[in-house]
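Here is how the chains run, residue by residue.
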Amino acid sequence: MDTADKLILFNRLYANYRKRFVRFAHTYVRDLAVAEDIAADAFVHYWENSDALAQDTNAPAYVLGVVRNKCLTYLQHVRVREEVEENLKNHADWEWRMRMEMLEACDPKELFTAEIQEIVDRTLASLSEQTRRIFMMSRYRNLSYREIADQTGMTVKGVEFHLSKALKRLKISLKDYISLFFGLFM
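What you see is a predicted model, and the numbers here were worked out from it, not measured in a lab.

1. What about the overall build of the protein chain?
Looking only at helices and strands, the protein chain features eight helices and zero strands. Listing each helix as α and each strand as β along the protein chain from the N terminus yields α-α-α-α-α-α-α-α. The C-alpha radius of gyration of the protein chain comes to 42 Å, more than 25% above the 16 Å expected for a compact globule of 186 residues. Summarising its shape, the C-alpha atoms of the protein chain cover approximately 125 × 25 × 25 Å along the three principal directions. Residue burial in the protein chain is summarised as follows: out of 186 residues, 25% are buried. Within the protein chain, contacts between residues separated by at least 24 positions form 57% of all contacts whose residues are at least 6 apart in sequence. Accessible surface, the protein chain: about 13600 Å² in total, of which carbon and sulfur atoms supply 57%. In the protein chain, which carries 27 positive and 27 negative side-chain charges, the distance between the mean positions of the two groups comes to 8 Å.

2. Concerning the pattern of salt bridges
This model, assessed by the stated rule, comprises nine salt bridges. In this structure, D51 and K6 form a salt bridge, with 2.5 Å as the shortest nitrogen-oxygen distance. Placement of D51 in the loop between helix 2 (32-49) and helix 3 (59-105) and of K6 in helix 1 (residues 3-29) is noted, with a sequence separation of 45 residues between them. Linking R81 and E85 is a salt bridge whose minimum nitrogen-to-oxygen distance equals 3.9 Å. Pair noted here: R81 and E85 are both in helix 3, with a separation of four residues, about one helical turn. A relative accessible area of 45% places E85 in the partly exposed class.

3. Brief notes about the packing of aromatic side chains
Tallied over the entire structure, the rule returns ten aromatic pairs. Between F10 and F43, the ring centres sit 6.0 Å apart and the planes meet at 90°, which makes this aromatic pair edge-to-face. Separated by 33 residues along the polypeptide, F10 in helix 1 and F43 in helix 2 bring together distant segments of the chain. Ring centres of Y46 and Y62 lie 5.8 Å apart, and the angle between their planes is 55°; on these two criteria the pair is classed as tilted. You can see Y46 sitting in helix 2 and its partner Y62 sitting in helix 3, a full 16 residues away along the chain. The buried category is assigned to Y46, whose relative accessible area is 16%. Through successive ring pairs, a cluster of aromatic residues spans F10, Y14, Y17, F21, F43, Y46, W47 and Y62. Sitting over the ring of W47, K6 keeps its end group 5.1 Å from the ring centre.

4. Here's the deal with the packing of helix 5 (residues 129-139) against helix 6 (residues 145-152)
Close contact between helix 5 and helix 6 brings their axes to 10 Å; oriented N to C, the two are set at 140°. By the angle between their axes, helix 5 is oblique relative to helix 6. Handedness of the helix 5/helix 6 crossing: right-handed. Together, R133, I134, M137 and S138 of helix 5 and Y145, I148, Q151 and T152 of helix 6 make up the contact between the two elements.

The rules we used
- Here, residues in each chain are numbered from 1, in the same order as that chain's written sequence.
- Given that this is a predicted model, residues contribute local features only at a pLDDT of at least 70 and side-chain atom pairs are listed and counted only at 80 or more, while totals for whole chains, interfaces and linings are drawn from all residues.
- Derived side-chain values reflect all non-hydrogen atoms in the structure, with water molecules and hydrogen atoms excluded from consideration.
- Each helix is a run of DSSP H or I of at least 4 residues and each strand a run of E of at least 2, with the numbering of both proceeding from the N terminus.
- Values of the radius of gyration come from C-alpha atoms, whereas the globule rule sets the reference at 2.2 Å times the count of residues to the power 0.38.
- Partly exposed residues are those whose accessible area sits between 20% and 50% of the maximum for their type, while under 20% is buried and over 50% is exposed, using a 1.4 Å probe and protein chains only.
- We call two residues contacting when some pair of their heavy atoms lies within 4.5 Å.
- Only the protein chains shown count as cover for residues, and the accessible areas themselves come from Shrake-Rupley with a 1.4 Å probe.
- A positive count includes Lys and Arg, and a negative count includes Asp and Glu. His and the chain ends are not counted in either.
- We put the charge of a Lys on NZ, of an Arg on CZ, of an Asp on CG and of a Glu on CD.
- Put simply, a salt bridge is a Lys or Arg side-chain nitrogen that is within 4 Å of an Asp or Glu carboxyl oxygen.
- Each pair of aromatic rings taken from Phe, Tyr and Trp, with Trp reduced to its six-membered ring, is defined by centres within 6.5 Å and is described as stacked if the planes are under 30 degrees apart, edge-to-face if over 60, and tilted in the remaining cases.
- Definition used: whenever NZ (Lys) or CZ (Arg) falls within 6 Å of the ring centre and also within 35 degrees of the ring normal, the charge is taken to sit over that ring.
- As a rule, the C-alpha atoms of each element are fitted with a line to give its axis, helices using only the stretch in contact, and angles between N-to-C directions run from 0 to 180 degrees.
- Any angle from 65 to 115 degrees is called roughly perpendicular, while one under 35 is roughly parallel, one over 145 is roughly antiparallel, and all others are oblique.
- Left-handed describes a crossing in which the near helix is turned anticlockwise from the far one by less than a right angle; the clockwise case is right-handed.

Remember that the coordinates give geometry; whether it matters functionally is a separate question.
Written out as structure tokens, the structure reads:
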């Protein structure tokens, strides 16, 4: 069969079946533009492969089979895309929930309290035994300078000296937290 005869048969096939194949594809893909593209691609596929087909090939059935396969491929692609979108949405939702939970669980007071207590403990451990004992009597047992002086056999001025020494050391050790406090709250 020569090219002119092939072209006449192809044009007849196209004129008689194009709308049917578009409707068929549209039934499944639910998008008219996509259905038209699928039908057109199926006709192109038939034209490009017509020389390799057997003479008795049922052309409309062949093209419809290509339309069917292209619809399946399209729907599989849509399903994969929707699954990926769903997975991305689920991941984004999970990430958002995690950030919310972490933020809700974050208690800055507890974080800072633990760190500050560790610094205070280290600083107190670095003080002399007498200065540490006087500081603890004042701050942890709430004893007055006079009561501390009486219990340690020191003068009130001596108690003041040791407390001043301990507070100066703590101020230096906690300088980062003091500046943070003023930066955040002042």
